[in-house]
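Here is how the chains run, residue by residue.
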Amino acid sequence: MTSPVIHRVTALDLAVRPVVWPFAEERRAEIAAHFAEKQRERPKIWNGRVLLGRDAVFTDGHFAATYFETDFASFLAWRDWGFPDPAVFNGFGMGALRTSDGAFVLGEMAQHTANSGRIYFPSGTPDLDDIKDGALDIPGSVVREVAEETGLTANDYAAEAGWHCVVSGRVIAMIQVLNLDMPGEVARARIEANLAREAEPELSAIHLVRGMSDLTPSMPRFVTAFIAQRLASR
């Protein structure tokens, strides 16, 4: 896999517009068959509505793109078939939870999810709940995904200004560092307690990763490895 390219940006401009996706229209029967096979493997996945991007531009600390709505089945086929439409990308937010003693919190996806066994920061492909005033609200998406996966809310952390945008092929991860006012073991215990209360949690395990002080343009190797793993699964 090509090494990721990392952009530091301070502004996101992600308009949501109605777009007809030729790939989804022209290969509908194949997409339906592929999704049916995936559902046989993991019956819990469902064909909801998601948002994908196109026309990504990075300029002077600014990231702009256009997003459009499609179904999860089309997204999954596009991903699994090696991104046959190169004009489209999957761009999503990631919440890099950093504890007061310097550990980063990563979750392992549960068996029933489409990305089972993967380990990475809380995140998710944007959906219709992430649209605000005609644009994709990535900061809101990060808050929502962190809450859904870990039970932690915006009251539990301080979000740093700016974004670390990791570009790998047809995938763009927009990472925001979220500083927790608690040590790693306390954070892990809180998240594990929240998972224990859920009938079907998205995460099966919590991992604390130590040994780095910051997410910088020269991102440390192990963070790049985790992000690359995440991107490979999107």
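None of these values were measured; they are calculated from a predicted model.

The rules we used
- Residues numbered from 1 in each chain as written.
- Predicted model: local features only at pLDDT ≥ 70, side-chain atom pairs only at ≥ 80, totals over all residues.
- Heavy atoms only, no water.
- Helix = DSSP H or I, 4+ residues; strand = E, 2+ residues; numbered from the N terminus.
- Buried < 20%, exposed > 50% of the residue type's maximum accessible area, 1.4 Å probe, protein only.
- Contact = heavy atoms within 4.5 Å.
- Core = buried A, V, L, I, M, F, W, Y, C linked by side-chain atoms within 4.5 Å.
- Salt bridge = Lys/Arg side-chain N within 4 Å of Asp/Glu carboxyl O.
- Expected span 1.5 Å × (residues − 1).
- Arc of directions from axis to C-beta.
- Polar contact = N/O pair within 3.5 Å; in protein donor to acceptor, adjacent residues only side chain to side chain.

Colleague: Residue-level account of the environment of Trp21, with values.
Modeller: Tracing the backbone through its elements, the reader meets Trp21 in the loop between β2 (11–16) and α1 (22–26). Residue Trp21 is classed as buried on the basis of its relative accessible area of 4%. Along the chain, Trp21 and Val88 lie 67 residues apart, while their C-alpha atoms are 9.2 Å from each other. Those residues in contact with Trp21 that lie beyond four places of it in its chain are Leu52, Phe68, Thr70, Ser74, Phe75, Trp78, Asp85 and Val88.

Colleague: For helix α3 (residues 72–80), give the residues involved together with the corresponding values.
Modeller: Summarising burial for α3: 8 of the 9 residues are buried, a large majority. Along its buried surface, α3 packs onto α1, α2 (28–41), β3 (49–59), β4 (62–71) and β5 (88–98). Directly after α3, the chain includes Gly82, whose backbone phi takes a positive value near 85 degrees.

Colleague: An account of the nonpolar core is requested, with residue identities and associated values reported.
Modeller: Grouped together as the largest cluster of nonpolar side chains are 45 residues, with contacts concentrated most on Leu14, Phe63, Tyr67, Leu97, Met174 and Leu180. When residues of this core are assigned to their parent elements, the largest contribution, 8 residues, is made by strand β12 (residues 171–180). Setting aside residues up to four positions removed in sequence, Phe63 forms contacts with Val9, Ala11, Leu12, Asp13, Leu14, Ala56, Val57, Phe58, Phe89, Cys165, Ile172 and Met174.

Colleague: Describe the pattern of salt bridges, listing the residues and the values that go with them.
Modeller: Applying the stated rule across the entire model yields 17 salt bridges. Between Glu200 and Lys44 there is a salt bridge, and its shortest N-O distance comes to 3.4 Å. Here Glu200, found in the loop between α5 (184–197) and β13 (203–209), pairs with Lys44, found in the loop between α2 and β3; they are 156 residues apart in sequence, far enough to count as distant. Exposure remark for Glu200: the relative accessible area of 44% places this residue in the partly exposed category. We note a salt bridge from Glu148 to Arg144, for which the minimum N-O separation is 3.1 Å. With a gap of 4 residues between them, Glu148 and Arg144 both fall in helix α4 (residues 138–150), about one helical turn apart. Judged by relative accessible area, Arg144 falls into the buried class, the value being 18%.

Colleague: Please give an account of α5 that cites residues and values.
Modeller: For α5, spanning 14 residues, the distance from its first C-alpha to its last is 20 Å, which sits close to the expected 20 Å at 1.5 Å a residue. Taken as a whole, α5 has its buried residues at Gly184, Ala187, Ile191, Asn194 and Leu195. Angular distribution of buried residues about the axis of α5 spans 100 degrees; they occupy a single face of the element. Residues Ala196 and Arg197 are exposed on α5 and point more than 90 degrees away from its buried face. For α5, the secondary structure elements touched by its buried residues are β6 (104–109), α4, β12 and β13.

Colleague: Quick one: what's the story with the side chain of Thr66, residue by residue and with numbers?
Modeller: Structurally, the position occupied by Thr66 is in strand β4. Look at Thr66 and you get buried, because its relative accessible area is 13%. At a separation of 3.2 Å, a polar atom in the side chain of Thr66 contacts the side chain of Arg17. With sequence-adjacent residues up to four places away left out, Thr66 is seen in contact with Ala15, Arg17, Leu52, Gly53, Arg54 and Asp55.

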